[in-house]
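Listed below, chain by chain, are the residues.
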Amino acid sequence: AEDEVALFERDMKEFWIQFKISYGTEQNNQTSALKDLCKETLEALSEKWSKKLKEEDLMIDKIQEYKNEILQQSKYIAEKEEQLTEIKSKLNQEQEQQKNLTDSIQELKEELKKKMEIKSSKNKAAKEKVEQVSKIKALFKEHLALEMRRIPDEQLQFIFRHIDHKDPDKPYVCTLSINEQGDYEVTSCTPPLDCIAELQLKLRETNNFSAFVANVRKAFTALSYK
């Protein structure tokens, strides 16, 4: 703006210089020409400044247009940044959920592995106990007049004879099974023995199967004399 004012002042000075020169040398003869010159000069200045003002108006409009575009771009960028923040947040949540799911699956795998190991251990123990019973089955039958039978539900039945001296073939029966904890359990006893719970507990504590069978036979024998 200061440059334009200086330019205007310079143009006005040139005009007055020309005016004074013309007035001093041809004061009487060129009054009409001076008026024309003055008119032409003023028209030229008017046109020049009108053009400059139009250019400035256009420039101001252009600047305002640029400002509006910048404002729109800023709003667009702000919206995109907000959307990006939301996407990042959702992605973090999904990653956390994925991690939790992976951890849960791993925990389930480890738990299943432990259960399988426990089950395998119990099956092994049960198999060993069955093998132990089978090995002494023949021995018991031969020396104690004892017969052992495998019956449904994985139970083992002991049939004692030669107990009642009045009726040697009368059977005295005790049935055993192995429960879910892998322990021996008496499921039936005919005729009933008051001491069977105690004998069962001692069997679980000592795991001495032969002693259990012998003690049951003694208890049946004592009962036969009552």
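The structure displayed is predicted, hence computed values, not measured ones.

A few points about the side chain of Gln-157
Counting through the fold element by element, Gln-157 comes out in strand S2 (residues 155–160). Beyond its immediate chain neighbours, meaning those up to four positions away, Gln-157 contacts Glu-147, Met-148, Arg-149, Ile-151, Val-173, Cys-174 and Thr-175.

Observations concerning the pattern of salt bridges
A full pass over the atoms with the stated rule returns four salt bridges. As a salt-bridge pair, Lys-115 and Glu-111 come within 3.5 Å of each other at their nearest N and O atoms. Here Lys-115 pairs with Glu-111, and both are found in helix H2 (residues 31–144), just four residues apart, close to one helical turn. Residues Arg-150 and Glu-154 are paired through a salt bridge, measuring 3.8 Å at the closest nitrogen-oxygen approach. Neither Arg-150 nor Glu-154 differs from the other in exposure class; each is exposed.

Brief notes about the packing of helix H3 (residues 196–206) against helix H4 (residues 209–224)
One can describe the packing of H3 onto H4 by two numbers: an axis separation of 9 Å at closest approach and a directional angle of 165 degrees. Between H3 and H4, the angle falls in the class roughly antiparallel. Helix-helix and strand crossings are classified by hand; for H3 and H4 the assignment is right-handed. Counting all contacts with H3, which are made through Ile-196, Leu-199, Gln-200 and Leu-203, the residues of H4 involved are Phe-209, Phe-212, Asn-215 and Val-216. Each residue belonging to the contact of H3 with H4 can be placed in one class, and the counts come to six nonpolar, two polar and no charged.

What counts, and at which threshold
- Residues numbered from 1 in each chain as written.
- Predicted model: local features only at pLDDT ≥ 70, side-chain atom pairs only at ≥ 80, totals over all residues.
- Heavy atoms only, no water.
- Helix = DSSP H or I, 4+ residues; strand = E, 2+ residues; numbered from the N terminus.
- Contact = heavy atoms within 4.5 Å.
- Salt bridge = Lys/Arg side-chain N within 4 Å of Asp/Glu carboxyl O.
- Buried < 20%, exposed > 50% of the residue type's maximum accessible area, 1.4 Å probe, protein only.
- Axes fitted to C-alpha atoms, helices over the stretch in contact; angles between N-to-C directions.
- Parallel < 35°, antiparallel > 145°, perpendicular 65-115°, else oblique.
- Left-handed = near helix turned anticlockwise from the far one by under 90°.
- Nonpolar A, V, L, I, M, F, W, Y, C, P; charged D, E, K, R; others polar.

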